[in-house]
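One letter stands for each residue in the lines below.
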Amino acid sequence: MKTERNELVQVAKSLKTQGYSYLVKITAVDYEKYLDVLYFLRNMPAGKDEVLEVQIDPADAWVPTLMGEFEAADWYERELFEMFGIEVKGRSMERLLLEKWNGTGAPLRKNFTWNAPYETEGS
Amino acid sequence: MSDLNTIVSTYLGVSGILAEIIGIVAYAVAVSILIVAFDYVFGWVERKTIAKIQKRHGPTYAGKYGILQNMADFVKLLSKEHVVPKRADKLLFLPTIPAMLALSVFLIFLIPLTPELIETNIGLGLLVILVLLSFMPLIIFANGFGSGNKFAAISAQRSVVMLLSYEIPLVFVIAAVGVLANGYTLSGIMSAQNHWWFVFLMPIGFFVFFIVMLAELERPPFDMREADNELIAGWLTDVSAPYYTLALFLDYTRMFLGSLLIAILFFGGWNGPVLPPVVWLLLKVFIISFFIMIVRATTVRMRIDRLLRFGWTWLLPLSLLNLILIYLLFIG
Amino acid sequence: MAITRINIGPVHPSTHGVIRLVADIDGDTVVNLEPHIGFLHRGVEKLVETRMYMQSPPYMEKLDYVAPMSYDEAYVAAVEKAMGVEVKERAMWVRTILLELQRIASHLLWLGTMANDVGQFFTVFMWCFKDRDLILRLLEEASGARMFYVNMRIGGLIRDLPPGFDDRARETLNYMEKRIGEYEDFLEKNPIFIERMRGVGVMNRDKAIELGVTGPVLRGSGVSYDVRKDNPYYVYDKLNFEPQARSEGDCFARYKVRMLEMRESIKLVKDALSKMPGGDALGMQVRLILPSAKNREVTLSREMPRGECMMYMVADPQKPYRLSIRSPSFINLAALNEIAKGCRTADIFAIMGSLDLVMGDADR
């Protein structure tokens, strides 16, 4: 199900009231022309999945947070920010989750190049 | 020191103050050798037996059946660098482990190992031992806070909490023993068990005392002070190799001490047919230590707050009940 | 009382892998427990984008080094789904058997380490490792390797089960059934163990769904969702087993769910061994992998020992354009802070043990 990022929270809320209360995963795909952010929701007892798809511009990459609806979104959103450089608005991102390196850029973007010295900094 | 005096003067032909000094030194050396031998042998027995319980082999390479493994470990640990953490309070941190070891050894000196040598039997022997034994958690507390490590600090806190949970039941049980034996001398307690061991006369008291001893000796299920899965090594976290060797020695020496106390207070001490008294005593000590070791291999660590609750809701009433029962049955 | 901040790990006896926990402790009560992960982050998702499809299974296996077969299978199944390839009938049965054997092996390792975490002095740990070895031996017979199998091929397996596998597997499983009973006796008859597990780290049903936990952790909280039953793949719908769930939501429930799951897996493998058809199970040696255009995006769920793993793959010819792995440990670990709030210091490790975390899986 395709949706706009401005409507995302609304759509997620309405889906939650329909029983889609389990967030399976938030991930993204970099199609270079646009970024595809995917929200996998599940209607838990029935096990039915619903995928929310948000297409965003790589130059203006941000999505609203779903923390208010799903607590499980926390780490996925942090991962999203780290791996795709997609800013998640409406929540704090106090530290990086997975990576401990000195470079810049989002590793899972297609145009990513390694630009850090080959040593890591203790967090 | 009459008995030692006579032995020394008969065999060496010296008398007076010289004989006394020689006697004391000889006794101290003999007991020290005994302690070291126990530590060594029991360390090996524990490794092998726990290995058998866990379906492993245990040490096999060093010496026959791995008997030299502990020696190898000892030498290896001694050859390591001694590091004192910068943040440690050296006055509290450094002397504590040697002090505890010395205290344990001294307590064993206070215990008469054979009826012939009861001069080590001081008037209120059991009470002196009790007082000094209660001192140990405080030393651990000092060490834990002195090392400046947070894990050690938590361990130190736990040490005090444990002290709160088991010290009073321990006193009550010892009081009951004193009532039964009509005194607190260790030899008196042992001779009072000529016919009936106290374990049969007060099983409840034995139960409480055994649990308290497990806690006192930091043996599982009450090893929350060391708790290697939680606190890395508890109060020993920052202790480096040479002192850690001492700590291992301390562990087994305290186990020897604890088993000795259990054997004397509840299993008749040196009482037994045919074999000489000291052999009976050591045999009982060994069996009790063995049992403590089996407990180690088969149980799960208790949580500290549960121990506190257990101490106050079970051990304390049980020990009090034990004391009252003993008083009513044998005195009243 | 002042709040103490202690740092647990990344080198600590019971973190099982490299994870760092920063615990804020008020007296003996945990106020906040922040997991710092990423020590085993190897960028596998990026790595597979640069590799041919069938070069990747070894990387997949290293994600969850306790249950490598399940990741191997999930990845290959995703590729198969993208290609639109049907798996051979017998290969489906063999895969099911191997996956369930892998589940038993993984749960045995979990049991040992969890018993260690609550202060068991290595006894259960050693027994479990010894018994796990018997399962590994079976897997070795089937695949040729003890730990990293790389056993799956497109449409089937690298090799069929060897002759006599049936009998040996049955023998091992009978023995294992007896042993699991022994473990349960050993632990559950110990009141201290029950005390350490029961009522510790409680997560109720709604909270579990909210936090998105999976697998035995979710089922321990009363949500009976098992991909094998609710969204069956391979031959799980033809086999006789019940998904296990408990409603308490504490550490003991999670422990019990896994113990019961092991029994179910044994039942399942035995059932599969008796119903298994003959025929060919060998996979194809595919040099050129061209996914069909309509299947470019593939979503695939698998019930792994640690929980549900979802593979989301955008397939290009020869190489995946994007592979996103929803790893069960990651989301279970994300719930740790919520579960551990308010518990005792010693319970942190019981809860960690009951979550069954593999850091390679969480960090990817």
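Before going into details, it helps to say that this report is about the structure given with it. Only a predicted model underlies this, so the values are computations on that prediction, with no experimental measurement involved. Residue indices begin from 1 for each chain and proceed along its sequence in written order. The order in which chains are written sets their letters, starting at A; the order in which ligands are written sets their numbers, starting at 1. Per-residue local features of the predicted model are confined to residues with pLDDT of at least 70, and side-chain atom pairs are confined, for both listing and counting, to 80 or more; whole-chain, interface and lining totals are unaffected and use all residues. Working from all heavy atoms in the structure, the side-chain values ignore hydrogens and water.

**Here's the deal with the overall build of chain C**
Okay, step 1: Secondary structure assignment for chain C yields 15 helices and eight strands.
Okay, step 2: Every radius of gyration here is taken over C-alpha atoms, with the globule rule written as 2.2 Å times N^0.38, N being the number of residues. The C-alpha atoms of chain C give 20 Å as radius of gyration, which agrees with the globular expectation for 364 residues (21 Å, within 12%).
Okay, step 3: Any pair of residues with heavy atoms lying within 4.5 Å of one another is described as a contacting pair. The long-range fraction of contacts in chain C, counting pairs at least 24 apart against all pairs at least 6 apart in sequence, stands at 73%.
Okay, step 4: When charges are counted, neither His nor the chain ends are considered; positive counts come from Lys and Arg and negative counts from Asp and Glu. To locate a charge, the coordinates of NZ of Lys, CZ of Arg, CG of Asp or CD of Glu are taken. Positive and negative side-chain charges of chain C, numbering 49 and 50 respectively, have mean locations separated by a distance of 3 Å. Numbered from the N terminus, helices here are DSSP runs of H or I no shorter than four residues, and strands are runs of E no shorter than two.

**Thoughts on the sheet that holds strand β7 (residues 307-315) of chain C**
Residue and element names in this part refer to chain C.
Okay, step 1: Sheet architecture is open: three strands sit in the order β6-β7-β8, paired in antiparallel fashion. Because the sheet does not close on itself, it has two edges, and the strands there are β6 (297-304) and β8 (320-326). Between one strand axis and the next, the sheet turns through 15 degrees on average, direction left out of account.
Okay, step 2: What makes two strands pair is DSSP finding at least two bridges between them. Looking at chain direction, β7 and β8 are connected through six bridges and run antiparallel. Residue pairing for β8: M311 is matched across the bridge by I325.
Okay, step 3: With respect to the sheet, helix α3 (residues 68-83) is in contact with β6, β7 and β8, its orientation differing from that of β6 by roughly 155 degrees. As a rule, the C-alpha atoms of each element are fitted with a line to give its axis, helices using only the stretch in contact, and angles between N-to-C directions run from 0 to 180 degrees.

**What about the pairing of β7 of chain C?**
All names here are of chain C.
Okay, step 1: Within β7, nine of the nine residues are buried, leaving the element largely enclosed by the surrounding structure.
Okay, step 2: With eight bridges joining them, β6 and β7 adopt antiparallel strand pairing. Of the residues in β7, the one forming a bridge with V298 is M313.
Okay, step 3: Hairpin remark: β6 followed by β7, antiparallel, with two residues in the connecting loop.
Okay, step 4: The turn linking β7 back onto β8 is made up of four residues, and Q318 within it adopts a positive phi angle of 75 degrees. Buried residues are those whose accessible area, probed at 1.4 Å on protein chains only, stays under 20% of the maximum for their type, while exposed residues exceed 50% and partly exposed ones sit between those limits.

**So, the side chain of R302 of chain C**
Residues and elements named next belong to chain C.
Okay, step 1: Looking at where R302 falls in the secondary structure, it is placed in strand β6.
Okay, step 2: Judged by relative accessible area, which is 7%, R302 ranks as buried.
Okay, step 3: Only 3.1 Å separates the side chain of R302 from the side chain of E73, close enough to count as a polar contact.
Okay, step 4: Apart from the residues within four sequence positions on either side, R302 is in contact with E73, A74, A77, V227, Y233, Y234, G307, E308 and C309. We define a polar contact as two N or O atoms separated by no more than 3.5 Å, with the added condition that, inside protein, one atom must be a possible hydrogen donor and the other a possible acceptor, whereas residues neighbouring each other in sequence contribute only through side-chain atom pairs.

**A look at the state of the cysteines**
Residue and element names in this part refer to chain C.
Okay, step 1: Disulfides are defined in this document as cysteine sulfur pairs within 2.5 Å. Summed over the entire model, instances satisfying the criterion amount to zero disulfides over all chains.
Okay, step 2: Distance from the sulfur of C128, which forms no disulfide, to the nearest cysteine sulfur (C251) is 17 Å.
Okay, step 3: Note on C128: relative accessible area 0%, which makes it buried.

**Thoughts on the interface of chain C and chain A**
Okay, step 1: Taken together, the contact between chain C and chain A spans 43 residues of the former and 40 residues of the latter.
Okay, step 2: Interface of chain C and chain A: buried area, both sides summed, is about 3400 Å²; carbon and sulfur atoms make up 54% of it.
Okay, step 3: The largest per-residue losses of area from chain C upon contact with chain A belong to E210, Y321 and F330 of chain C, which jointly make up 18% of the total buried on that side.
Okay, step 4: Every case where a carboxyl oxygen of Asp or Glu lies within 4 Å of a side-chain nitrogen of Lys or Arg is listed as a salt bridge. Where chain C touches chain A, the interface holds five salt bridges.
Okay, step 5: At the boundary of chain C with chain A, the tally comes to 20 residue pairs in polar contact (both at pLDDT 80 or more).
Okay, step 6: Of all the secondary-structure elements, those providing two or more residues to the side of chain C that touches chain A are β3 (29-36), α1 (44-49), α8 (205-211), β6, β7, β8, α12 (328-334) and α15 (359-363) of chain C.
Okay, step 7: Classifying every residue of the side of chain C that touches chain A gives 19 nonpolar, eight polar and 16 charged. Accessible surface is computed with a 1.4 Å probe, and the buried area is the amount of it that two parts give up when combined, taken over both parts together. In this classification, the charged set is Asp, Glu, Lys and Arg, the nonpolar set is Ala, Val, Leu, Ile, Met, Phe, Trp, Tyr, Cys and Pro, and all remaining amino acids, among them Gly, are polar.

**Notes on the packing of aromatic side chains**
Okay, step 1: The rule is short: rings of Phe, Tyr and Trp, with Trp giving its six-membered ring, pair when the centres are within 6.5 Å, and they are stacked under 30 degrees, edge-to-face over 60, tilted in between. Evaluation of the coordinates by the stated rule reveals 31 aromatic pairs over all chains.
Okay, step 2: Ring centres of F121 of chain C and F122 of chain C lie 5.5 Å apart, and the angle between their planes is 90 degrees; on these two criteria the pair is classed as edge-to-face.
Okay, step 3: Assessed through its relative accessible area of 31%, F122 of chain C is described here as partly exposed.
Okay, step 4: Cluster of aromatic residues (ring-pair linked, three or more members): W196, W197, F200, F206, F209, F210, F266, F267 and F291 of chain B.
Okay, step 5: Distance and angle both matter: a charge sits over a ring if NZ of Lys or CZ of Arg is within 6 Å of the ring centre and within 35 degrees of the ring normal. Over the face of the ring belonging to W62 of chain A we find K89 of chain A, whose NZ or CZ atom lies 4.4 Å from the ring centre.
Okay, step 6: Sitting over the face of the ring of F129 of chain C, R132 of chain C holds its NZ or CZ atom 5.6 Å from the ring centroid.

**A few points about the environment of F135 of chain B**
All names here are of chain B.
Okay, step 1: Among the structural elements, F135 can be located in helix α6 (residues 125-146).
Okay, step 2: By relative accessible area, which is 45% here, F135 ends up partly exposed.
Okay, step 3: Separated by 32 residues in the primary sequence, F135 and L103 place their C-alpha atoms 9.2 Å from one another.

**Some details on the interface of chain C and chain B**
Okay, step 1: Counting residues at the interface gives 36 residues for chain C, matched by 26 residues for chain B.
Okay, step 2: Across the chain C to chain B interface the summed buried area is about 2800 Å²; carbon plus sulfur atoms make up 56%.
Okay, step 3: Together, F121, I192 and E195 of chain C form the three largest contributors to the area buried by chain C at its contact with chain B, with a combined 20%.
Okay, step 4: At the boundary of chain C with chain B, the tally comes to three salt bridges.
Okay, step 5: There are 13 residue pairs in polar contact (both at pLDDT 80 or more) connecting chain C and chain B.
Okay, step 6: For the side of chain C that touches chain B, the secondary-structure elements that each account for two or more residues are β1 (3-8), α4 (89-117), α5 (123-143), α6 (165-188), α7 (191-197) and α14 (345-355) of chain C.
Okay, step 7: The greatest single-element share of the side of chain C that touches chain B, amounting to five residues, is contributed by β1 of chain C.
Okay, step 8: Here the residues of the side of chain C that touches chain B are counted per class, giving 16 nonpolar, 11 polar and nine charged.

**Observations concerning the packing of helix α11 (residues 251-275) of chain C against α14 of chain C**
All names here are of chain C.
Okay, step 1: Two numbers describe how α11 lies on α14: the axes approach to 9 Å, and their chain directions differ by 30 degrees. In terms of axis orientation, α11 runs roughly parallel to α14. Classified by chirality, the crossing of α14 by α11 is left-handed. Along its contact with α11, which presents C251, R254 and R258, the element α14 presents A350, I351, S354 and L355.
Okay, step 2: Among the residues forming the contact of α11 with α14, the class breakdown is four nonpolar, one polar and two charged. Each angle is binned into one of four classes, with values under 35 degrees roughly parallel, values over 145 roughly antiparallel, values of 65 to 115 roughly perpendicular, and all other values oblique. For any helix crossing, the convention is left-handed if the near helix is rotated counterclockwise from the far helix by under a right angle, and right-handed if that rotation is clockwise.

**Comments concerning the sheet that holds β3 of chain C**
Residue and element names in this part refer to chain C.
Okay, step 1: Pairing in this open sheet of three strands is antiparallel, and the strands run β1-β2-β3 from one edge to the other. What marks the edges here is a single partner per strand, and that holds for β1 and β3. Taken pair by pair, the neighbouring strands of this sheet meet at an average axis angle of 20 degrees, ignoring direction.
Okay, step 2: Taken together, the seven bridges between strand β2 (residues 20-26) and β3 define a ladder with antiparallel strand orientation. Bridge pairing in β3 links D24 to N32.

**With respect to the packing of helix α10 (residues 203-216) of chain B against helix α11 (residues 241-266) of chain B**
Residues and elements named next belong to chain B.
Okay, step 1: Taken N-terminus to C-terminus, the directions of α10 and α11 make an angle of 170 degrees; their axes are 10 Å apart at the nearest point. Between α10 and α11, the angle is such that the two are roughly antiparallel. Seen from α10, the contacting residues are G205, F206, F209, F210, M213 and E216; seen from α11, they are R254, G258, L261, I262, L265 and F266.
Okay, step 2: Residue composition of the contact of α10 with α11, by class: eight nonpolar, two polar and two charged.

**Concerning α14 of chain C**
Residue and element names in this part refer to chain C.
Okay, step 1: Across the 11 residues that make up α14, a large majority, 11, are buried.
Okay, step 2: Along α14, the residues classified as buried are T345, A346, D347, I348, F349, A350, I351, M352, G353, S354 and L355.
Okay, step 3: In the stretch just after α14, D356 is the one whose phi turns positive, near 60 degrees.

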